[in-house]
Amino acid sequence: MKPYYSDDLVTLYHGDSLTVLRELPDASVDCCVTSPPYFGLRDYGEEGQYGLESSPAEYVETMRALFAEVRRVLTDDGTLWLNIGDSYYSGRGNPGPNAADEKQPARRGWIRPVDRPGQSWAKPKDLLGIPWRVAFALQDDGWTLRNDIIWAKPNAMPESVSDRLATRHEHLFLLTKGRRYWFDLDPIREPHSDVSVRRAQPHRADPGRTYREGDPYEGVGGAQTLRLDQMNHPLGRNPGDVWSIPTQPFPGAHFAVMPQALAERCILGGCKPGGVVLDPFSGSGTTGLAAAKHGRKYVGIDLNADYLDLSLRTRLAQPGLDFGEASA
Ligand SMILES: C[S@@+](CC[C@H](N)C(=O)[O-])C[C@H]1O[C@@H](n2cnc3c(N)ncnc32)[C@H](O)[C@@H]1O
């Protein structure tokens, strides 16, 4: 299959991601970081787009089939970082926000799947639980689910709801092909909290003294040598599975883009240096930008050529990539 664009570091394909993935060789990428269209919420204005399936079950099957193909193109020690948000069923029957309005006036008045009345798969006001439905389907299909990371959004859009809590998080699942996979905690460690630094000091510590790695001290069983690494790793602590990262709008993109810091963390932790990162829903190219910033190659796919062009003009522009703020 002929790429839409290709240089030494970046390859972009224009088309349906499942169709394109079927053309890619086995074990040709080391890591996949992606955020597919969420269920029932948005019209990207392209025939064959995902997310507008007529039920959650159909959507889950689309995702299962797509990620089965991702599994084939991943190396055996590869990782998949899947960001996916949830949706509520309203059933109110009113047309919702529609990004395709300008491109396709004929679709004006279009009703999103989550707003269509009388659906058998949900009751009005139901939270659909889409991320977990997808995660379970991927597990059943052979993936190993390693983490459910909560992406907490400190600047989440306000919601005009008064009978439930506002949504301020999305899920980021880490999935692997098996038990052994490439993972490096060190580049994504974060500073120890003051509390854990204090807790790492030895029993019967001399007041006012800060103990360091290798220091002798009088412990419970007599003279001992302090092994700080057993309590507090010298490079910092495990960042844990709740990531507080602000959302970042991107001019020109009519959809939610992934924050660069989120993509960077996934790549630093889950892609070997010099490896290849895939995003089958490339959009504005956030994953590609994060990959380039950290010396990885990038393969992106998108159904919408305007988005590929936008990413080539901006985030993936060569030379002098705009790396944005240091954020890992
Ligand atoms: C949520 S956006 C991805 C945003 C991206 N992570 C970023 O940071 O810009 C989803 C993308 O999937 C694309 N898309 C939808 N259906 C597709 C399909 N069947 N094949 C390939 N791309 C598709 C849309 O055009 C859109 O760019």
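Model, not experiment: these values are computed from the prediction.

How each quantity is defined
- Residues numbered from 1 in each chain as written.
- Predicted model: local features only at pLDDT ≥ 70, side-chain atom pairs only at ≥ 80, totals over all residues.
- Helix = DSSP H or I, 4+ residues; strand = E, 2+ residues; numbered from the N terminus.
- Buried ≥ 20, exposed ≤ 12 C-beta atoms within 10 Å, placed from the backbone.
- Contact = placed C-beta atoms within 7 Å.
- Core = buried A, V, L, I, M, F, W, Y, C linked by C-beta atoms within 7 Å.
- Axes fitted to C-alpha atoms, helices over the stretch in contact; angles between N-to-C directions.
- Parallel < 35°, antiparallel > 145°, perpendicular 65-115°, else oblique.
- Left-handed = near helix turned anticlockwise from the far one by under 90°.
- Nonpolar A, V, L, I, M, F, W, Y, C, P; charged D, E, K, R; others polar.
- Pairing = 2+ DSSP bridges.

## Some remarks on the overall build of the protein chain
No. 1: Secondary structure summary: the protein chain contains eight helices and eleven strands in total.
No. 2: Taken across its 328 residues, the protein chain has 34% of its residues classed as buried.
No. 3: Considering only intrachain contacts with a sequence separation of at least 6, the fraction spanning at least 24 residues in the protein chain is 71%.

## What about the environment of Leu66?
No. 1: As for its placement among the helices and strands, Leu66 is situated in helix H2 (residues 56-73).
No. 2: Between the C-alpha atoms of Leu66 and Pro280, which are 214 residues apart in sequence, the distance is 9.1 Å.
No. 3: If we ignore the near neighbours within four places in the chain, the residues touching Leu66 are Ser17, Leu18 and Pro280.

## A look at the nonpolar core
Soluble globular proteins: nonpolar side chains tend toward being buried together.
No. 1: Val29, Cys32, Val33, Leu80, Trp81, Ile267 and Val277 are the most contacted members of the largest nonpolar core, which has 57 residues in total.
No. 2: Once you skip the residues sitting within four places of it in the chain, Trp81 turns out to touch Cys32, Val33, Leu172, Leu174, Cys266 and Gly270.

## A word on the packing of H2 against helix H3 (residues 130-140)
No. 1: Packing of H2 against H3 brings their axes to within 9 Å, and their N-to-C directions diverge by 45 degrees. Judged by the inter-axis angle, H2 sits oblique to H3. In terms of crossing hand, the pair formed by H2 and H3 is right-handed. Each of Pro56, Tyr59, Val60, Met63, Arg64 and Phe67 in H2 lies in contact with H3, whose residues at this interface are Ile130, Arg133, Val134, Ala137 and Leu138.
No. 2: Partitioned by chemical class, the residues of the contact of H2 with H3 number nine nonpolar, no polar and two charged.

## Examining the sheet that holds strand E4 (residues 74-84)
No. 1: What the nine strands build is an open sheet, ordered E1-E2-E11-E10-E3-E4-E6-E5-E9; its pairing is mixed. Of all strands in the sheet, those with a lone pairing partner are strand E1 (5-6) and strand E9 (242-244), marking the two edges.
No. 2: Of the strand pairs in this sheet, strand E3 (residues 29-34) and strand E10 (residues 276-279) are connected by two bridges, and their pairing is parallel. Bridge pairing in E10 links Cys31 to Val277.
No. 3: Contacts between helix H7 (residues 286-293) and the sheet are confined to strand E2 (10-14), E3, E10 and strand E11 (297-302), with E11 contributing the most and set at about 175 degrees to the helix.

## A few points about the packing of helix H6 (residues 260-270) against H7
No. 1: In contact at an axis separation of 9 Å, H6 and H7 are set at 55 degrees when each is read in the N-to-C sense. In terms of axis orientation, H6 runs oblique to H7. Of the two possible hands of crossing, H6 and H7 adopt the one that is right-handed. Two secondary-structure elements touch here, H6 through Gln260, Ala263, Glu264 and Ile267 and H7 through Thr286, Thr287, Leu289, Ala290, Ala291 and Lys293.
No. 2: In terms of residue class, the contact of H6 with H7 is built from five nonpolar, three polar and two charged.

## Comments concerning the environment of Trp81
No. 1: Relative to the helices and strands, Trp81 resides in strand E4.
No. 2: In this structure Trp81 comes out as buried when scored by C-beta crowding, with 27 C-beta atoms within 10 Å.
No. 3: Residues Trp81 and Asn147, spaced 66 residues apart in sequence, show a C-alpha to C-alpha distance of 9.3 Å.

## Structural notes on unusual backbone geometry
No. 1: Backbone geometry places Ala27, a non-glycine residue, at a positive phi of 50 degrees.
No. 2: Considering the arrangement of structural elements, one finds Ala27 in the loop between helix H1 (17-21) and E3.
No. 3: In this structure, Lys125 is a non-glycine residue whose phi angle is positive, near 85 degrees.
No. 4: Within the secondary structure, Lys125 sits in the loop between E4 and H3.
No. 5: Classification of Lys125 as exposed rests on a count of 12 C-beta atoms within 10 Å.

## Some details on the environment of Ser28
No. 1: Along the chain, the position of Ser28 falls in the loop between H1 and E3.
No. 2: C-beta crowding within 10 Å serves as the criterion here: with 14 such atoms nearby, Ser28 is assigned to the partly exposed category.
No. 3: As for Ser28 and Val73, which are separated by 45 residues in sequence, their C-alpha atoms are 5.4 Å apart.
No. 4: With near-sequence residues (within four places) excluded, Ser28 lies in contact with Val73 and Val276.

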